[in-house]
Amino acid sequence: MFYWGILGAGRIARKFVAAVQQSGSTTALAVASRERARAEAFARETGVPRAYGSYEALLADPEVHGVYVATPNSLHAEWAIAAARAGKHVLCEKPIGATLAEAEAMFAAAREHGVWLMEAFMYRFHPQTLRVQELLGSGAVGQVHMVRTDFGFVLDRPADVRWRADLAGGALMDVGCYCVSFARMVVGEAPARVSAAARWSASGVDQLLAATLEYPGGAVAQIACDYITSFHQTAQVLGSDGVLSLERAFTMPPDQPSSIQLWRGAHFAQQETIVIAPANHYRLEAEGFAALTRAGHGAHGLPEMPLVETLDNMATIEALLMSAREGRPVDVYS
């Protein structure tokens, strides 16, 4: 059994705990908050056996194998590095850090202390995403020329931490990172240059951002994310010999099937619907990460969120925000 310690007691931590409590190979052993009463309430309501009033106390628990970092974005690097120094494996909520430099420091700490560190993009473990990768790998749409993806919803809670610039909030960091990740997964390389436009909130974070990403091999991606339009999250891959489309690309309901729409051929082709059975991708992510820690860093053949993609995505996010602020195209690795 892989025992999790949960750093943070917010909404995403509750989703993660609810999922791992259904698992036969991982479980949540402890939760920590900087307010002990909040940690105790979380533990009581979710069935987690141990509650700590500080992150340091949880990291000192010898029975915790790995930690799930579910703090605000601005605290990811600090506590992922502290967890690595404590000898704990680290699954860190997306985006992995606030900057590329933070991400690089986090991975350096994990290497130094011999632990796994992975960015928690749960959609990468869902059967729908794995099937998309399989289809594209087999040439189902031919050469990929364009990717379109978007993720948005109305964030109508003014006190939500995602509205706070000092906590590295904003639509791109919160949901646009999924779009960046999906495009990087599909195209297979980092973009060379990006151009973005944004609408800024009174608190200083992007409430809407739309962008074009240009890749060295010639592919182009168009992404959009926001906090001010009705809920949506779609993805489309357009290739030389077909089109693949997802109506629910990232947060597939665990109790409902999802589907992939596929059109094969360079000309008009009949639509093919591939139905994917329901799955809880938070549980699959937790179980997959535990399996990775046992398998080591060799040729394990397991689903994962690769380090190189995480670093490319952080570099892309930084470039997108710079482009939106300065009103000009920005090279990703300048």
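Residues numbered from 1 in each chain as written. Predicted model: local features only at pLDDT ≥ 70, side-chain atom pairs only at ≥ 80, totals over all residues. Heavy atoms only, no water.

1. A short note on the packing of aromatic side chains
Operational definition: For this analysis, a ring pair means two rings from Phe, Tyr or Trp (six-membered ring only for Trp) whose centres lie within 6.5 Å, classed as stacked if their planes differ by under 30 degrees, edge-to-face if by over 60, and tilted for the remaining angles. Secondary structure counts use DSSP, requiring at least four H or I residues in a row for a helix and at least two E residues in a row for a strand, with both numbered from the N terminus. Type-normalised accessible area, obtained with a 1.4 Å probe on protein chains alone, sets the label of each residue: buried when under 20%, exposed when over 50%, and partly exposed for intermediate values.
Tallied over the full model, the rule gives 17 aromatic pairs. Relative to F231, the ring of F151 lies with its centre 6.4 Å away and its plane at 90°, an arrangement referred to as edge-to-face. Here F231 lies in the loop between β10 (220-226) and β11 (232-239) and F151 lies in strand β7 (residues 144-152), a separation of 80 residues in the sequence. Using a relative accessible area of 5% as the deciding quantity, one classes F151 as buried. With a centroid separation of 6.2 Å and 80° between ring planes, the pair formed by F182 and F250 is classed as edge-to-face. With a gap of 68 residues between them, F182 in helix α7 (residues 171-187) and F250 in the loop between β12 (242-246) and β13 (258-264) connect regions that are remote in the sequence. Summarising the burial analysis for this pair, F182 and F250 share the class buried. By the ring-pair criterion, three or more aromatic residues cluster together here, those being F121, Y123, F151, Y178, F182, F231 and F250.

2. Brief notes about the side chain of E119
Rules: None of His or the chain ends enter the tally, which takes Lys and Arg as positive and Asp and Glu as negative. Take a side-chain nitrogen of Lys or Arg and a carboxyl oxygen of Asp or Glu: if they are within 4 Å of each other, that pair is a salt bridge. Contacts described as polar in this section are N or O atom pairs within 3.5 Å, which, within protein, must combine one atom able to donate a hydrogen with one able to accept it, while residues neighboring in sequence count only if both atoms come from side chains. Contact definition: two residues touch when any of their heavy atoms are within 4.5 Å.
On the secondary structure map, E119 appears in strand β6 (residues 117-120). With no salt bridge to any partner, buried E119 finds its closest opposite charge in R124, at an N-O distance of 7.6 Å. For E119, the side chain forms a polar contact with the side chain of T310, separated by 2.7 Å. Setting aside chain neighbours within four positions, we find E119 in contact with L91, C92, K94, P95, I96, M305 and T310.

3. What about unusual backbone geometry?
A cis amide bond links K94 to the next residue, P95, at an omega of -20°. Of note, P95 is situated in the loop between β5 (89-93) and α5 (100-113). A positive phi angle, close to 60°, is found at A168, a residue other than glycine. In this fold, A168 is placed in the loop between β7 and α7. We classify A168 as buried; its relative accessible area is 13%.

4. Side note on helix α6 (residues 127-137)
Along an α-helix, residues three or four apart share an orientation, since each turn contains 3.6 residues. Our working rule: Here, the arc refers to the directions that run from the helix axis to the C-beta atoms.
The set of residues buried in α6 consists of Q128, T129, V132, L135 and L136. An end-on view of α6 places all buried positions within 120° of arc, on one side of the element. Those residues of α6 that are buried lie in contact with α7, β11, β12, β13 and β14 (271-276). In the stretch just after α6, G139 is the one whose phi turns positive, near 80°.

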